[in-house]
Amino acid sequence: MKKEIFIGSVGIGGNHPVSIQSMTSTDTRDVTSTLNQIQALTNAGCEIVRVAVPDRESLQPLATIIESSPMPVVADIQFDALLALKSIEAGAHAIRINPGNIGSKNKVIEILNAANQKKIPIRIGVNWGSIEKKFWSSHRSRAEIMVESVLDKVKFFEDHHFFNIKISVKSSDVKETVNAYRLIDKACDYPLHLGITEAGTLFSGTVKSAIGIGSLLLDGIGNTIRVSLTDDPVEEVKVACEILKAVGLRQQGIEIISCPTCSRTTVDLISLAKEAEKKLAELKPLKKVVVAIMGCEVNGPGEAKDADIGVAFSQKYGYIFKKGKKIEKIKPEQSIKRLTELVKELS
Ligand code: SF4
């Protein structure tokens, strides 16, 4: 079991469930836009938010954001140790630094002491793109090099009495990232922050993240996840929620199963399934509710027999079923509204 750390009220490692993180894409100096985005992320299911602190002008806004944020805020710092120190002072619940670019060892030690005083964790985030030259080698894989680099930093932190650590070893290559996390998981007990860095746009980034993060989670590796997409961060959170559901780590929320359609389909099932996805997303049941949307009455309910509630279409009608048993007959255009009502009753 990994060591337990806390980012604000959210536990990571130990027996805590895998948490979802995202990062704001607004200008940190624009407090209103940033807080609006944080609220949207909270509504989507995000539990920890990271905010970049690119310059000194962002420090005062950061303090206001931390004060008003409904979830813990991690300050993301690159290059400037002073920004890290000031973010800790501003009340950040954790900071993320890349020790390779933050400056001299003395500066890092100053940050460690400040974080220790406030009892906040630091993520050592190593990305392949920022590995220092001294670790480069043609004899070892890039995954091994990333792990060697992160362990070097962990040792430095420990030598300076800092143990409130979270680790990430990311690359934009899925296989390389998975290999690096497998190695680091064996090598130390600190909780792991999973992600595929620069994963890409919504479609390709979702596939890469689902494979990379998903396969590690299935192996029991990982304590908190961040899906990185070139898109609205709310999409990142939606994808993260789906990954956790798919690997069985979230037993709450709506899970839609729908058939791929075939020549037996007599309605525009694709549009109906999309409509259902949109409507049902507004419901936030505390338990898992499986909803099926199937193209025919013959095979639909059978194929979706584990669904709590569903609809199967045949010619001019939709047949609502519960646990595989037909309970109502309805017109297709009214079916999704009815389905939503029934799911609401169950939630
Ligand atoms: Fe075809 Fe019916 Fe299966 Fe959908 S549920 S793919 S319509 S057989």
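Residues numbered from 1 in each chain as written. Predicted model: local features only at pLDDT ≥ 70, side-chain atom pairs only at ≥ 80, totals over all residues. Heavy atoms only, no water.

A few points about a nonpolar patch on the surface
Spelled out, the test is: Each patch groups residues whose relative accessible area exceeds 30% and which form no salt bridge, using 9 Å between like charges and 5 Å between nonpolar side chains of Val, Leu, Ile, Met, Phe, Trp and Tyr. Here the accessible surface of atoms and residues is derived via Shrake-Rupley with a 1.4 Å probe, and residues count as covered only by protein chains that are part of the display. For salt bridges, the criterion is a side-chain nitrogen of Lys or Arg within 4 Å of an Asp or Glu carboxyl oxygen. In this description a helix means any DSSP run of H or I spanning at least four residues, a strand means any run of E spanning at least two, and both kinds are numbered starting from the N terminus.
Judged by side-chain polarity, F203, V207 and I211 come together as a nonpolar surface patch covering roughly 330 Å² of accessible area. Mapping I211 onto the fold places it in helix α7 (residues 202-218).

Here we look at the site of the ligand
What counts here: Nearness here has a simple test: a residue counts as near a molecule or strand if at least one of its heavy atoms is within 4 Å of that partner. In this classification, the charged set is Asp, Glu, Lys and Arg, the nonpolar set is Ala, Val, Leu, Ile, Met, Phe, Trp, Tyr, Cys and Pro, and all remaining amino acids, among them Gly, are polar.
The ligand sits among C259, P260, T261, C262, R264, T265, G295, C296, N299, G300 and E303. Counted by class, the shell around the ligand contains four nonpolar, five polar and two charged residues.

Concerning the side chain of H193
The following threshold applies: Any pair of N or O atoms that falls within 3.5 Å is considered a polar contact. Within protein, one atom must be able to donate a hydrogen and the other to accept it, and sequence-neighbouring residues count only if both atoms are side-chain atoms. Contact definition: two residues touch when any of their heavy atoms are within 4.5 Å.
Considering the arrangement of structural elements, one finds H193 in strand β9 (residues 193-194). A polar side-chain atom of H193 sits 3.3 Å from a polar atom in the side chain of K170. Not counting chain neighbours up to four residues away, the residues in contact with H193 comprise Q21, R123, K166, I167, S168, K170, Y181, T224 and R226.

What about the pattern of salt bridges?
Here the structure, examined in full by the defined rule, presents 23 salt bridges. When the shortest N-O distance is used, the salt bridge between D152 and K134 registers 3.9 Å. With D152 in helix α5 (residues 142-159) and K134 in the loop between β7 (122-127) and α5, this residue pair connects regions lying 18 residues apart in the sequence. A salt bridge links E235 to K238; the nearest nitrogen and oxygen atoms lie 3.3 Å apart. In this pair, E235 and K238 are both assigned in helix α8 (residues 233-246), three residues apart and thus about one turn of the helix distant. Each of E328, K337, R338 and E341 takes part in a single network of salt bridges with overlapping partners.

A word on the environment of R56
Considering the arrangement of structural elements, one finds R56 in the loop between β4 (48-52) and α2 (59-68). Measuring from C-alpha to C-alpha, the distance between R56 and L83 comes to 6.7 Å, with 27 residues separating the pair along the chain.

So, the domain arrangement of the chain
Rule in force here: Just so you know, the domain bounds were taken from an automatic or database domain assignment.
Partitioning the chain into structural domains gives domain 1 (5-246) and domain 2 (253-346). One C-alpha centre belongs to domain 1, the other to domain 2; they are set 39 Å apart.

A word on the sheet that holds strand β15 (residues 325-330)
Basically, it comes down to this: Strand pairing is assigned whenever DSSP identifies at least 2 bridges connecting the two strands. Axis lines are fitted to C-alpha atoms, over the contacting stretch for helices. Their N-to-C directions set the angle, which ranges from 0 to 180 degrees.
If you trace the five strands from one edge of the open sheet to the other, you get β11-β12-β13-β14-β15, paired in mixed fashion. Two strands bound the open sheet, and with one partner strand each, they are β11 (253-258) and β15. Put simply, the sheet's adjacent strands are angled 20° from each other on average, direction ignored. Packed on one face of the sheet, helix α11 (residues 332-346) meets β11, β12 (288-294), β13 (309-314), β14 (317-322) and β15 and runs near 165° to β13.

Details of the pairing of strand β5 (residues 73-76)
For the record, the criterion: Here's how the labels work: a residue is buried when its accessible area is under 20% of the maximum for its type, exposed when over 50%, partly exposed in between, all with a 1.4 Å probe on protein chains only. Seen with the strands pointing away from the viewer, any crossover whose path from the first strand over the helix to the second strand runs clockwise is right-handed.
Side chains V73 and A75 of β5 all project onto a buried face; the interleaved residues V74 and D76 project onto the opposite face, where all are buried too. Strand direction decides the pairing type here: β4 and β5, joined by four bridges, are parallel. Each residue of the ladder has a partner; that of R50, found in β5, is V74. As for the winding sense of the linkage, the β-α-β connection from β4 through α2 to β5 is right-handed. One ladder, built from three bridges, connects β5 with strand β6 (residues 94-97); its direction is parallel. Within the sheet, the bridge partner assigned to D76 lies in β6 and is R96. Chirality of the crossover, the property in question, places the unit of β5, helix α3 (residues 81-89) and β6 among those that are right-handed.

Thoughts on unusual backbone geometry
Phi at H161 is positive, roughly 60°, even though this residue is not glycine. Structurally, H161 can be placed in the loop between α5 and β8 (165-170).

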